[in-house]
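Residue-level listing of the chains:
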Amino acid sequence: MQLGEPSWMGEDHALVRDSVQKFIAAEIERYYEAWEEAGIVPREIWNKLGAHGFLAPDMPEEYGGSGGTYQHLAVVIGEFARHGYASFAGSMIGVHSGIVNHYILNNGSAEQKARYLPAMASGETVAAIAMTEPGAGSDLQAVTTTAKPDGNGYVLNGSKTFISNGQHCDTVVVVAKTDSTVAGSKGISLLFVDKDAAGFSRGRNLDKIGVHSADTSELFFDDVRVGGDAVLGAEHGGFAVLMNELPRERLTLAIGSLAAAEGALQWTIAYIQERQVFGQPVAKFQNSRFKIAEMMTEVRSLRAFIDECTLLLVAGELDTATASMAKLKATEMQGEVIDGCLQLFGGYGYMREFPIARAFVDARLQRIYGGTSEVMKEIIARDILGR
């Protein structure tokens, strides 16, 4: 088995992998640095992703998808991450295809599925999920955005921040309180808001330290009126939807982290075999050899766990605590491995022209979004020890 190849990789998965590699060579490599400088990718890249089947590889064909399984999506995300394109792997495809698609498929009405899923598969519609607020990060029970009943619909007020795809999104699933008389997670609903809704506006494209080309925004809702058919899932049942989908979200992040570490390790192995120091390749020094051995052992060991989790998810058996373990371990390991790789590049590792430098700053986000490492530890501890 090659580094980065899942144990479950079959011929159909390999075809998807090869297709992503060709797409990267033709549509991304020569443009990515300019997109990083601009802080956003061109809108038409979403249509190209859709045309190649990368936005709905695990969606049913009746909704414009390829009819594959989660493993096919894992290959797409993993390949973009392995090549160092974190914006595509995480914030773009990871959110649009790995999260929102499945919220709608698993909880949407027939009308919502027909309206949104085919357009999301083609790239005609870019989707976002608006959870985080300025005063409520990983604690979704503390949301203050409200959607008050009004006739046969709702009036939405509030603001969200750190929203992936916020500048490009054509529709956004908003987490809001539809019943403010109850505490905590009760009374939370998910509602669709389309980009042309009166009272909906986007703030600035936020300036991040990494993953620059993935647009990340503030969103504002000022007396936004939506119909009763805008509720995704049951009214007041939004928190249950969020919790049910978290294992998929966190495993998707873990897959991206593992693949990014594998890619960085491959770059580093090639570099130290060519780079000369004191008259010999860096790869000849014991420190370099031992460090590579340690990092390779880490990624190969984690690959086995991530592959196990992937098969559990496909079988419908991945629980929240196990997915949290995968997210915690993979994202922490990504930071450690890429830091170790950058060190072996020496001064060149600190230069932005080398992909390892970008991978270093991009990796930091993985331990924050989708639930911080500290939140993952608390979830795991509760599963083991109780509250």
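This text goes with the structure placed above it.
Here is a short report on the structure shown in this document. Not measured: the values here are computed from a predicted model. (Residues numbered from 1 in each chain as written. Predicted model: local features only at pLDDT ≥ 70, side-chain atom pairs only at ≥ 80, totals over all residues. Heavy atoms only, no water.)

1. Quick look at the nonpolar core
Right, so step 1: Core analysis: the biggest nonpolar cluster contains 66 residues, and I28, L49, F80 and F88 have the highest contact counts within it.
Right, so step 2: For this core, the element with the most residues is helix α7 (residues 238-274), which contributes eleven residues.
Right, so step 3: L49 has contacts with F23, F54, L55, F80, F88, M92 and I93, leaving out every residue within four places of it along the chain.
Right, so step 4: Counting residues in each nonpolar core, the second largest holds 27 residues, with M59, A121, V173 and V241 among its members. (Core = buried A, V, L, I, M, F, W, Y, C linked by side-chain atoms within 4.5 Å. Buried < 20%, exposed > 50% of the residue type's maximum accessible area, 1.4 Å probe, protein only. Helix = DSSP H or I, 4+ residues; strand = E, 2+ residues; numbered from the N terminus. Contact = heavy atoms within 4.5 Å.)

2. Remarks on empty space enclosed by the protein
Right, so step 1: Under the definition given, this model contains one cavity of 30 Å³ or more.
Right, so step 2: Approximately 140 Å³ is the volume found for the largest cavity.
Right, so step 3: If you go around the largest cavity, you meet 17 residues; those closest to its centre are P6, A74, G78, R82 and R303.
Right, so step 4: Put simply, the parts of the chain that give the lining of the largest cavity at least two residues each are α4 (70-82), α7 and α8 (286-314). (1 Å grid on protein atoms, 1.4 Å probe; cavity = no way out; pocket = protein on both sides within 12 Å on 5 of 7 lines; lining within 4 Å. Points joined across faces, edges and corners; volume = space filled by probe spheres on them.)

3. Re a nonpolar patch on the surface
Right, so step 1: A cluster of nonpolar residues, M325, I384 and L385, forms a patch on the protein surface that exposes about 330 Å² of accessible area.
Right, so step 2: Within the secondary structure, M325 is located in helix α9 (residues 320-345). (Patch = residues over 30% accessible without salt bridge, like charges linked within 9 Å, V, L, I, M, F, W, Y side chains within 5 Å. Areas by Shrake-Rupley, 256 points an atom, 1.4 Å probe, with all protein chains shown as cover. Salt bridge = Lys/Arg side-chain N within 4 Å of Asp/Glu carboxyl O.)

4. Some remarks on the packing of aromatic side chains
One pair of aromatic rings is described through two measures. These are the centre distance and the angle between the planes.
Right, so step 1: Inspection of the entire model under this criterion finds 15 aromatic pairs.
Right, so step 2: Ring centres of F345 and F354 lie 6.1 Å apart, and the angle between their planes is 75°; on these two criteria the pair is classed as edge-to-face. In this pair, the class of F345 matches that of F354, namely buried.
Right, so step 3: Among the aromatic residues, those joined into a ring-pair cluster are F23, Y31, Y32, W35, F54, F80, Y85 and F88. (Phe/Tyr/Trp six-rings, centres within 6.5 Å; stacked < 30°, edge-to-face > 60°.)

5. A short note on unusual backbone geometry
Right, so step 1: Phi is positive for F162, close to 60°, though the residue is something other than glycine.
Right, so step 2: Within the secondary structure, F162 is located in strand β3 (residues 153-164).

6. Focus: the pattern of salt bridges
Right, so step 1: If you walk through the whole model with that rule in mind, you get 20 salt bridges.
Right, so step 2: Here D170 makes a salt bridge to K195, at a shortest N to O gap of 3.1 Å. With D170 in the loop between β3 and β4 (171-177) and K195 in the loop between β5 (188-194) and β6 (200-205), this pair connects stretches of sequence that are 25 residues apart.
Right, so step 3: Judged by its relative accessible area of 12%, D170 is buried.

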